[in-house]
Amino acid sequence: AQTVTQSQPEMSVQEAETVTLSCTYDTSESDYYLFWYKQPPSRQMILVIRQEAYKQQNATENRFSVNFQKAAKSFSLKISDSQLGDAAMYFCAYRSYVNRDDKIIFGKGTRLHILP
Amino acid sequence: GAVVSQHPSWVICKSGTSVKIECRSLDFQATTMFWYRQFPKQSLMLMATSNEGSKATYEQGVEKDKFLINHASLTLSTLTVTSAHPEDSSFYICSARGNEQFFGPGTRLTVL
């Protein structure tokens, strides 16, 4: 069974600085998707970034980028130029590629605080 | 992006009553929807996978007779919490599978 581990329950970063959230996962599959979701105080889940495992290039979305290390099964999220609106719970997640309707497996989350 | 709605956004009910939560995909058809439960300061826990026109698949430890799921159309899935008790109080989130998985805004259930 697949697992997702986030070892940092909470992190803080100064506004405008850069922060990296860690995530490791375990799977026996070779093709899969990895995600970072943001859950602000409203509790609406927002997709931040997605990475297909077959792609070697790291995904980027504006200030958000990932460092995907497939062999190490590591998938970290880097937030550059942190803004107050980035304060939220961040979940790393995994989904199988083969079974399109398969469930998303979430890590336990990292709460990110932005210090003004 | 695609929109998923949930209704109600919050509900308070008495112990022993049943509560129905609706999850709708507003601008796409979803053959598969998922129901999650989230306790305070915790992650999302998948309760069940809802497939249109067939029985839901429940995760281990989730009581199917207590959490009734119906997916009668390609745009609507419902979760009914039967004979609710205070321990059922939680935040329930649905997601719908389009070309990607889109999440609803959640429903806060409080059982008195």
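Undergrad: Please clarify how the sheet that holds strand β8 (residues 76–81) of chain B should be interpreted in this entry.
TA: Pairing between sheet strands relies on hydrogen bonds along the backbone, with the strands arranged either parallel or antiparallel. All names here are of chain B. Spatially, 4 strands are ordered β1-β3-β8-β7 in an open sheet, and the strand pairing comes out antiparallel. Each of the sheet's edge strands pairs with one partner strand only, and the pair in question is β1 (4–7) and β7 (67–73). Taking the axes of each pair of neighbouring strands and ignoring which way they run, one obtains an average angle of 15° across the sheet. Across 5 bridges, the pairing between β7 and β8 is antiparallel. From the neighbouring strand, Leu68 faces β8, where its bridge partner is Thr80.

Undergrad: I'm lost on the interface of chain A and chain B in this one. Help?
TA: Much of the literature gives interface size as the accessible area that the parts lose upon coming together. Chain A puts 20 residues into the contact, and the matching count from chain B is 22 residues. The tally of links between chain A and chain B comes to 3 salt bridges. Of the charged contacts, one joins Arg95 of chain A and Glu100 of chain B as a salt bridge, the two residues approaching to 3.7 Å between their closest N and O atoms. Only β5 (32–39), β6 (46–52), β10 (88–96) and β11 (104–106) of chain A provide two or more residues apiece to the side of chain A that touches chain B. If you tally residues by element for the side of chain A that touches chain B, the top one is β5 of chain A, at 3 residues. Within the side of chain A that touches chain B, the residues separate by chemical class into 7 nonpolar, 4 polar and 9 charged.

Undergrad: What is the right way to look at the side chain of Thr49 of chain B in this model?
TA: Within the secondary structure layout, Thr49 of chain B lies in strand β5 (residues 44–51). Setting aside residues up to four positions removed in sequence, Thr49 of chain B forms contacts with Thr32, Met33, Phe34, Ala56 and Thr57 of chain B.

Undergrad: Sorry if this is basic, but what is going on with the pattern of salt bridges here?
TA: Between side chains of opposite charge, a pair can form when the charged atoms approach closely. Inspection of every chain in the model, using the stated rule, returns 9 salt bridges over all chains. A salt bridge links Lys73 of chain A to Asp26 of chain A; the shortest N-O distance between them is 3.5 Å. Here Lys73 of chain A, found in the loop between β8 (64–69) and β9 (74–79), pairs with Asp26 of chain A, found in strand β4 (residues 24–26); they are 47 residues apart in sequence, far enough to count as distant. With a relative accessible area of 26%, Lys73 of chain A lands in the partly exposed category. By relative accessible area, Asp26 of chain A is classed as partly exposed at 40%. In this structure, Glu100 of chain B engages Arg50 of chain A in a salt bridge whose closest nitrogen and oxygen atoms are separated by 2.2 Å. In this pair, Glu100 of chain B is assigned in the loop between β9 (90–97) and β10 (101–103) and Arg50 of chain A in strand β6, connecting two distinct chains. For Arg50 of chain A, a relative accessible area of 30% gives the class partly exposed. Through salt bridges with shared partners, one network takes in Arg50, Glu52, Lys55 and Arg95 of chain A together with Glu100 of chain B.

Undergrad: Just to check I follow, could you spell out unusual backbone geometry for this structure?
TA: Negative phi is the rule for most residues except glycine; trans is the rule for most peptide bonds. A cis geometry characterises the amide bond from His7 of chain B onward to Pro8 of chain B, with omega recorded as 0°. Among the structural elements, Pro8 of chain B can be located in the loop between β1 and β2 (10–13). If you check the backbone angles, Asp81 of chain A has positive phi at about 50° while not being a glycine. Looking at Asp81 of chain A, the relative accessible area reads 39%, which means it is partly exposed. Of note in the backbone geometry, Ser83 of chain B takes a positive phi value of approximately 45° without being a glycine.

Undergrad: What exactly am I supposed to notice about the pairing of strand β4 (residues 32–38) of chain B here?
TA: Remember that side chains alternate between the two faces of the sheet whenever the strand is regular. Residue and element names in this part refer to chain B. In terms of residue burial, β4 counts as a mostly covered element, since 7 of its 7 residues are buried. Across the two faces of β4 the burial is the same, with Thr32, Phe34, Tyr36 and Gln38 and Met33, Trp35 and Arg37 all buried. The sheet contact formed by β4 and β5 spans 7 bridges and is antiparallel. Following the sheet pairing, Met33 is matched in β5 by Ser50. Once β4 ends, the chain turns through 5 residues before running back antiparallel as β5, passing Lys41 with a positive phi of about 60°.

About the cut-offs
Counting of residues starts from 1 at the beginning of each chain's written sequence and follows it residue by residue. Starting at A for chains and at 1 for ligands, labels are handed out in the order in which the entities are written. Local features in this predicted model are restricted to residues whose pLDDT is 70 or higher, and side-chain atom pairs enter the listing and the counts only when it is 80 or higher, whereas totals over whole chains, interfaces and linings include all residues. Each side-chain value is worked out from all heavy atoms of the structure, with water and hydrogens disregarded. Two strands form a pair only when DSSP identifies at least two bridges running between them. Helix numbering and strand numbering both begin at the N terminus, where a helix is a DSSP run of H or I of at least 4 residues and a strand a DSSP run of E of at least 2. Helix axes use the C-alpha atoms of the stretch in contact, all axes being lines fitted to C-alpha atoms, and the angles between their N-to-C directions lie in the range 0 to 180 degrees. Residue contacts are defined here by distance: any two heavy atoms, one from each residue, within 4.5 Å place the two residues in contact. Throughout this description, the term salt bridge denotes a Lys or Arg side-chain nitrogen within 4 Å of a carboxyl oxygen of Asp or Glu. Only Asp, Glu, Lys and Arg are considered charged, only Ala, Val, Leu, Ile, Met, Phe, Trp, Tyr, Cys and Pro nonpolar, and every remaining residue, Gly among them, polar. A simple rule labels every residue: compare its accessible area, found with a 1.4 Å probe on the protein chains alone, to the largest value its type can have, and call it buried under 20%, exposed over 50%, or partly exposed in between.

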